[in-house]
Amino acid sequence: MQCGSGDEIAGSPYLMESIPSSSDKKTLKRLGIHSSLFPYSQSGPPFSTSVLSIPRKKPLKLDDGRSNSWLEAMRSSSPPRKKILKEVNIDVSSDDADVAYLSWMIKYPSALNCFQQIMRQARNKQIVIFLDYDGTLSPIVDDPDRAFMSNEMRSAVSNVAKYFPTAIISGRSRDKVYELVGLPELYYAGSHGMDIMLPVENTLATNDANCIKATDQQGKEVNLFQPARKFLSMIDEVFRTLVEKTKDIKGAKVENHKFCTCVHYRNVDQKNWSVVGEYVVDVLKGYPRLRLTHGRKVLEVRPEIDWDKGKAVEFLLDSLGFSYHKDVLPIYIGDDRTDEDAFKVLRGKYNGYGILVSAIPKESKACFSLKDTSQVKKFLESLAKTREVEEDTGERS
Ligand SMILES: O=P(O)(O)OC[C@H]1O[C@H](O[C@H]2O[C@H](CO)[C@@H](O)[C@H](O)[C@H]2O)[C@H](O)[C@@H](O)[C@@H]1O
């Protein structure tokens, strides 16, 4: 089965060269984020190293190469393509951009073009679908409160869930993403996987110390797996401090996602990005058990626990009874750096497929790509249709 580079999944995509992004460097610099906040080696792909750890006692510095990579990652965190090209002062025609995108697709082929191959690989396996929300099911918009998914997308997701276990894994709070998606038949994980809702019959979750019983939106008893429970009040405190700190920065918006909080800078004048970055870093100096990551024009504060979207995928697969890797083909569709943790887990352990949603070339651990949310919808529709036909013709029962 082909994955990315056109070779077998095992190994080959890693042999490809990274696509460097100088725009990210500039962005982080503008955000005033300090290099000592970024303890990871930058020799690998930028996404997999996108976690900022707040230093315990070290002074903050901004002057080594590592911070530049982090800055680059921040800068490139948002299409549209034309704007990005303008931001990095590259004089390219759209033809050049198209060529760059097409070359990138050699490594990350379209999941639509490779659909038959994906289905062949799924033969005799249970497909499990994982979906990110923002930028995957809903287009990126300026106001996070208005990031709605279309009814057509909702029905595509609902159809897929008729045939395959389907989970949403979002950086938003679980309640918020449930409200936006509104499909009770799905599994939901909010706060980057730190808040997972499972049926009460799920014994794996029931036996875990991080698990509590609760009721869902329909009043049904459920298990909630919340590995960062003890950080609840700390996150709330940081949220309130960040709201206060950034209240005079026009366009800054702070969201409370229960187990993490974030500061949006999408609508902040670029000359003030460094102020936003400095304020967040300043606040976090008082909280050594929290760390900083970033998404698309957003700085995210979360507990420094060994948990991310990748861990959430593993937990959900185990909980749903798919611990035996050969029986399952997990597919994860996402657009964000935080989704890279999940892509990595899928590749490494399950021979599953990460699909990156991106209209611009980006280095990723995904195997395939889709250009935008409309292609995501098409892919989901094809999955449901294919399985429906297979069941109708008795090819699969
Ligand atoms: O994991 P996700 O479901 O992708 O959530 C990640 C973040 O998504 C939201 O922010 C992003 O989308 C907004 C609406 O399109 C956009 O305005 C913002 O710039 C993006 O970063 C959400 O508001 C964040 O809290 C999530 O962490």
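Definitions and cut-offs
- Residues numbered from 1 in each chain as written.
- Predicted model: local features only at pLDDT ≥ 70, side-chain atom pairs only at ≥ 80, totals over all residues.
- Heavy atoms only, no water.
- UniProt positions renumbered as here; feature names shortened; annotations may be inferred.
- Salt bridge = Lys/Arg side-chain N within 4 Å of Asp/Glu carboxyl O.
- Helix = DSSP H or I, 4+ residues; strand = E, 2+ residues; numbered from the N terminus.
- Buried < 20%, exposed > 50% of the residue type's maximum accessible area, 1.4 Å probe, protein only.
- 1 Å grid on protein atoms, 1.4 Å probe; cavity = no way out; pocket = protein on both sides within 12 Å on 5 of 7 lines; lining within 4 Å.
- Points joined across faces, edges and corners; volume = space filled by probe spheres on them.

An unreviewed UniProt entry lists the chain under the name Trehalose 6-phosphate phosphatase, with Capsicum annuum given as the organism. Regarding the chain, the UniProt comment filed under Function (unreviewed entry) reads as follows: "Removes the phosphate from trehalose 6-phosphate to produce free trehalose. Trehalose accumulation in plant may improve abiotic stress tolerance." What the UniProt record of the chain gives under Cofactor (unreviewed entry) is the line "a divalent metal cation".

Asks: Give a detailed account of the pattern of salt bridges, specifying residues and quantitative values.
Replies: Pairs can form between side chains of opposite charge whenever their charged atoms are close. If you walk through the whole model with that rule in mind, you get 19 salt bridges. A salt bridge links Glu-244 to Lys-247; the shortest N-O distance between them is 2.5 Å. In this structure, Glu-390 and Arg-387 form a salt bridge, with 2.7 Å as the shortest nitrogen-oxygen distance. Of this pair, Glu-390 and Arg-387 both sit in helix H14 (residues 373-392), separated by three residues, roughly a single helical turn. A relative accessible area of 15% places Glu-390 in the buried class. Through salt bridges with shared partners, a single network forms among Asp-132, Lys-309 and Asp-339.

Asks: Please provide a residue-by-residue account of empty space enclosed by the protein, values included.
Replies: Enumeration over the complete set of coordinates arrives at two cavities of 30 Å³ or more. Taken as a whole, the largest cavity encloses approximately 330 Å³ of empty space. Along the wall of the largest cavity there are 24 residues; nearest its centre are Asp-134, Arg-172, His-264, Val-298 and Asp-336. Put simply, the parts of the chain that give the lining of the largest cavity at least two residues each are strand S11 (261-264) and strand S13 (298-303).

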